[in-house]
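Coordinate analysis (summary)
Each chain is listed here by its residues.
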Amino acid sequence: MKPFITSLVFILLLCSYPLADQESEQDFHDAINQAESLGDTLGLSRAWYKLGRYYDQNELLDESNLAMQKALFWAQLSEKNNAIAAVSNYMAANYSMLGKVDSAYKYYHVALSAVQKEGDSLKMAVILMNMSDDFATNAEFVQAVDYALSAIRIKEQAGDSSNLAYFYQKVGEIYKQAGEFDNWERYVLKAYQLRECVDCADVKALAAIYNDLGGLAEKKQQYHLALQYYDTLTAIGKKKDYPNAVGTALINIAQIYKLQGEVDKALQTAQEAITYRIDSPYKNLVIKSLLAELYLLKGSADEALVFAEQNLKISEIAYYPEERMHTQKLLYKIAKTQKDFEKALLWHEAYESLSDSLRNKEVRAQILEMELAYETEKKEQQIALLTVENQLKNQRIKIGVVLLAVMLVLILLIIYILINRKKQAELKENNLKQQVLRAQMNPHFIFNVLGSIQNFVMNNEKNAAVSYLSQFASLTRATLNHSDGDTISLADEIEMLKNHIELEKMRKGNSFDYVLALDENLETEIIQIPPMLVQPFVENAIKHGFAGITYPGFLRINIEDKGEVIEFLIEDNGLGLGQKTSKSKTHVSRAMDIFNKRRKLIQQKYKKEFKFEMINLKDHDPNLSGVKIVIHIPVLNDN
Amino acid sequence: MIIKAVVIDDEPGMQAINCRLLSDYFPEINIVGKAESVENAVTLIKTQTPDLVLLDIELEDGSGFEILQKLQPYSFKVVFITGFDAFAIQAFKYSALDYLLKPVNQNDFKQAIGRAVAFIENNESTNPQLEVLMQVINQQMHHKKLVLKTSESMHIVEIDKIYFCKSDNSYTTFYFENEPKILVSKSLKEYENLLAHHGFFRAHQSYLVNLNHVSKVDKSDGGFLVMNNKHEIPISSRQMKSLINMLEQL
């Protein structure tokens, strides 16, 4: 059997009217009648309250509650919140004594809302504490601690230290009930530290503290120390005329003696304990069980039977099945000792059946406990989670801000780069346009043409000179017209090519001929292409392809519509690529360079690929010579 | 009859060439003076009252057009000469006026002066053409007229009334809603850039279409445009996309 430590249970009251010992029930009724005749509702409430308290002190709890109900009625009628709070708090305490949790809870709330209306925080603390006590009794420890700590917070905030020790002790007791002994000890010690402070601990609180200290020592099996604490408790109880404390202390001492096998000492102490008036019905049960047990141990079954049967007569035993079972077991043992086997069997069966149902209850309690543990854990996890979440949230905000800043910088950077790139692309394009113009109308070409004209003039070839001049003017005009446009119609491009070739032909004294072939259905005036991409290759073919040949040169240009592109095929019958001088290579590479730059730009701008191919004809057929160039120029009509 | 002519050019060489060509090919023309600036030209023309003016557009102190504006109204025939003035050339094209490009090509010169002489001898008026020219030059962007010269006559048509132009080698035929078509001995290309500002679209190698008179785009059979007068015009597949874009913007 586990050692149990009985605790001191008492309820905090919100007000105390002087209660004269000599007053009898009739006096209270007289007071009620008098108030009634005066129509004094508050007086009525007060009178009923006093009667209720009188009943309570005479352990007539039901009658007490009936009186209190009347008191509450009159208090509510008089709209005195203080009175309502005091009465309902008292009622709740009564109900809680009776184990009627729901009613207790209900009246505590009535009390609570009444004091809230008054704005009396200290009374609120008291009620919260009482509620906490109730929760603890019903093993709802999380709420119990919650309410108790709220109560303490209210008191601390209000700077009210009155009976603060009691509050601490109470929290400790909740922990004790919850089985968290470390916390129990922590709060009891907190309370204990306040024992010297005036006001902080009334006699009841002090008693409870010593009782707890004793209990803690017992828990640690420091029985000697426990006995010392209980002795102190006894002394305090006797000194302050608090029989409850003395009784409780003596019960606890007796139990320790019993544990230590000192039956005589235990019995002696228990016999002393029972002489003190003990308010708690539970402790009345405990002391009687203890006495019965001790007598039984001493072999005096008859004495034992007296106490055991007394226990059964206490109505509250219904609320304490554990004690009832214990008593039944004692009765069974007593009957067995008395050889009254029929009775013994009866008690045994009663014990067994109760034990069964209790075991169920125990199982349920265990489940509840487990649930409680789970709830507590869950709550803790939630708190932990919340903290983590908060941290995460903060972190996320920080990260978000940083990311946003980084993104902003990046966007600005990208915009800057894009603008820059666009500017550069434009610059490049303009540069290239100039380069194209220069390639087309390169100074070398211009002065050569002018030289040729001079030659015609000097030879008096008037018509040739004028005709040559017109060609040159026409090409110059066309070049200027088209060099800054993005596109040119195929017709114009062909016109310029022809013009160019004609000029070259005149300059070269008709040493070569050419053919420009295209299908008559080719939509030359519709098709738009990037301007002057082909001309440098034609120029190269004439200038370098035909350089050093002794036979008539021939240039073939085929233009074919390939849908997305126009294919230009430029073929000469010159000496081919192997015969190039270093000078001509430079020119070829220069022309190629401009071509490639333009190609890249056009591909970027219009997203159109185009092909360029240069074939040395000799590589394919040794009988042939010359260079064939194939260029696919993209059609830009859709752009 | 003796035709009096003046040559206005700020380049002495060009003045000389023009005079030389005039006297070489047109001995009946009497060159009564030369000028190199707007100011001198105006004085010269006022004093000499020539029948023919060879007028360069770019002068040292202004534009050849300024001279015409200062002398209005006038009755002489002008042959314009320009080196490289896209705007002026466009204006000449609108008004179907003869112009010469530098350096002057002898054949072009003979043709242009020959036509001018015929004009003068027939006492024909170029005033309607000059009117169109002035509208274009004065930046009246809403100028609505185009001069079409055929072998027999000169038509001043409202651009908006043209339905479409059809190319036939170097000839262009203009079609209208009801009026008879007009055949001009100029290539369609000449008009393409000119009329692009007036909602015309080169739908096909052979067709320039006024989109304002289009009633329907039929995408079957490679696509064709149906005009308000039910006339059908083929669309080059290459132009379909730009055509749709243009029509959406209308």
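Note: the structure precedes this text.
This paragraph deals with the overall build of chain B. Assigned secondary structure in chain B consists of 8 helices and 17 strands. Along the first, second and third principal axes, the C-alpha atoms of chain B reach 65 × 35 × 30 Å. Counting across all 250 residues of chain B, residues that qualify as buried make up 50%. Counted over contacts in chain B with a minimum sequence separation of 6, partners at least 24 positions apart contribute 55%. Here chain B displays about 12,000 Å² of accessible surface, and carbon together with sulfur accounts for 47% of that area. Across chain B, the centroid of the 24 positively charged side chains sits 6 Å from that of the 31 negatively charged ones.

With that out of the way, let us pick up the interface of chain A and chain B. Each partner contributes to the interface: chain A provides 24 residues, whereas chain B provides 20 residues. Between chain A and chain B the total buried area reaches about 1,800 Å² when both faces are included, carbon and sulfur atoms providing 44% of it. For the chain A face of the interface with chain B, the top three residues by lost area are Arg477, Glu525 and Ile526 of chain A, together amounting to 37%. Two residues, Lys189 of chain B and Asp492 of chain A, come together in a salt bridge whose shortest N-O distance is 2.5 Å. For the pair chain A and chain B, the interface holds 12 residue pairs in polar contact (both at pLDDT 80 or more). Among the secondary structure elements, those contributing two or more residues to the side of chain A that touches chain B are helix H19 (462–482) and helix H20 (490–507) of chain A. Tallying contributions element by element places H19 of chain A first for the side of chain A that touches chain B, with 9 residues.

Residue and element names in this part refer to chain B. Pairing is parallel across the open sheet formed by 5 strands, whose spatial order is S2-S1-S3-S6-S7. With one partner strand each, in any of the chains shown, strand S2 (29–35) and strand S7 (99–101) form the two edges of the open sheet. Direction aside, the axes of adjacent strands within the sheet are offset by 20° on average. As paired elements, strand S6 (residues 77–82) and S7 share 3 bridges and run parallel to each other.

Right, let's talk about a nonpolar patch on the surface for a bit. Residues and elements named next belong to chain A. There is a patch of nonpolar side chains on the surface, built from Val402, Val406, Leu410, Leu413, Ile414, Tyr416, Ile417 and Leu418 and spanning about 740 Å² of accessible area. Looking at where Ile414 falls in the secondary structure, it is placed in helix H17 (residues 341–440). Judged by its relative accessible area of 45%, Ile414 falls in the partly exposed class.

All names here are of chain A. All told, the structure shown has 21 salt bridges over all chains when counted by the stated rule. A salt bridge links Lys170 to Asp133; the shortest N-O distance between them is 3.0 Å. Here the residue Lys170 occupies a position in helix H8 (residues 164–178), and Asp133 occupies one in helix H6 (residues 121–137), the gap between them amounting to 37 residues. Each member of the pair Lys170 and Asp133 is classed as buried. Across the pair Lys238 and Glu272 runs a salt bridge whose closest N-O atoms are separated by 3.5 Å. Taken together, the positions of Lys238 in helix H11 (residues 223–239) and Glu272 in helix H13 (residues 263–273) put the pair 34 residues apart, joining distant regions of the chain.

Let us look at the packing of helix H15 (residues 301–313) of chain A against helix H16 (residues 321–337) of chain A. Residues and elements named next belong to chain A. Between H15 and H16, the least distance of the axes is 10 Å, while the angle of their chain directions is 150°. Taken as axis vectors, H15 and H16 run roughly antiparallel relative to one another. Considering the relative orientation of H15 and H16, their crossing is left-handed. Judged by residue contacts, Ala301, Ala304, Leu305, Ala308, Glu309, Asn311 and Leu312 of H15 engage Thr327, Leu331, Ile334 and Thr337 from H16. Within the contact of H15 with H16, the residues separate by chemical class into 7 nonpolar, 3 polar and 1 charged.

The strands making up a sheet associate through hydrogen bonds between their backbones, and the pairing can be parallel or antiparallel. Residue and element names in this part refer to chain A. Spatially, 5 strands are ordered S2-S4-S5-S7-S6 in an open sheet, and the strand pairing comes out mixed. On the outer flanks of this sheet lie strand S2 (512–518) and strand S6 (612–616), each paired with one strand and no other. The sheet shows a mean angle of 10° between the axes of neighbouring strands, direction not considered. Examined bridge by bridge, S6 and strand S7 (residues 627–634) share 5 bridges and lie antiparallel to one another. Paired with Glu613 across the strands is Val630, a residue of S7. Contacts from helix H21 (residues 535–545) reach S2, strand S4 (553–561), strand S5 (565–572), S6 and S7, with the element oriented near 5° to S5.

Let us now look at empty space enclosed by the protein. Residue and element names in this part refer to chain A. Under the defined criterion, the tally for this structure stands at 6 cavities of 30 Å³ or more. Estimated volume of the largest cavity: approximately 200 Å³. Around the largest cavity, the lining is made up of 14 residues, and of these Glu429, Lys433, Asp486, Arg598 and Ile602 lie nearest the centre. For the lining of the largest cavity, the elements supplying multiple residues, two or more each, are H17 and helix H22 (582–606). Top element by residues in the lining of the largest cavity is H22. It accounts for 5 residues. For the lining of the largest cavity, the residue count by class is 7 nonpolar, 2 polar and 5 charged.

Scoring rules and cut-offs
Residues numbered from 1 in each chain as written. Chains lettered and ligands numbered in written order. Predicted model: local features only at pLDDT ≥ 70, side-chain atom pairs only at ≥ 80, totals over all residues. Heavy atoms only, no water. Helix = DSSP H or I, 4+ residues; strand = E, 2+ residues; numbered from the N terminus. Buried < 20%, exposed > 50% of the residue type's maximum accessible area, 1.4 Å probe, protein only. Contact = heavy atoms within 4.5 Å. Areas by Shrake-Rupley, 256 points an atom, 1.4 Å probe, with all protein chains shown as cover. Lys, Arg positive; Asp, Glu negative; His and termini not counted. Charge placed at Lys NZ, Arg CZ, Asp CG, Glu CD. Buried area = accessible area lost by both parts, 1.4 Å probe. Salt bridge = Lys/Arg side-chain N within 4 Å of Asp/Glu carboxyl O. Polar contact = N/O pair within 3.5 Å; in protein donor to acceptor, adjacent residues only side chain to side chain. Pairing = 2+ DSSP bridges. Axes fitted to C-alpha atoms, helices over the stretch in contact; angles between N-to-C directions. Patch = residues over 30% accessible without salt bridge, like charges linked within 9 Å, V, L, I, M, F, W, Y side chains within 5 Å. Parallel < 35°, antiparallel > 145°, perpendicular 65-115°, else oblique. Left-handed = near helix turned anticlockwise from the far one by under 90°. Nonpolar A, V, L, I, M, F, W, Y, C, P; charged D, E, K, R; others polar. 1 Å grid on protein atoms, 1.4 Å probe; cavity = no way out; pocket = protein on both sides within 12 Å on 5 of 7 lines; lining within 4 Å. Points joined across faces, edges and corners; volume = space filled by probe spheres on them.

These values are about where atoms sit, not about what they do.
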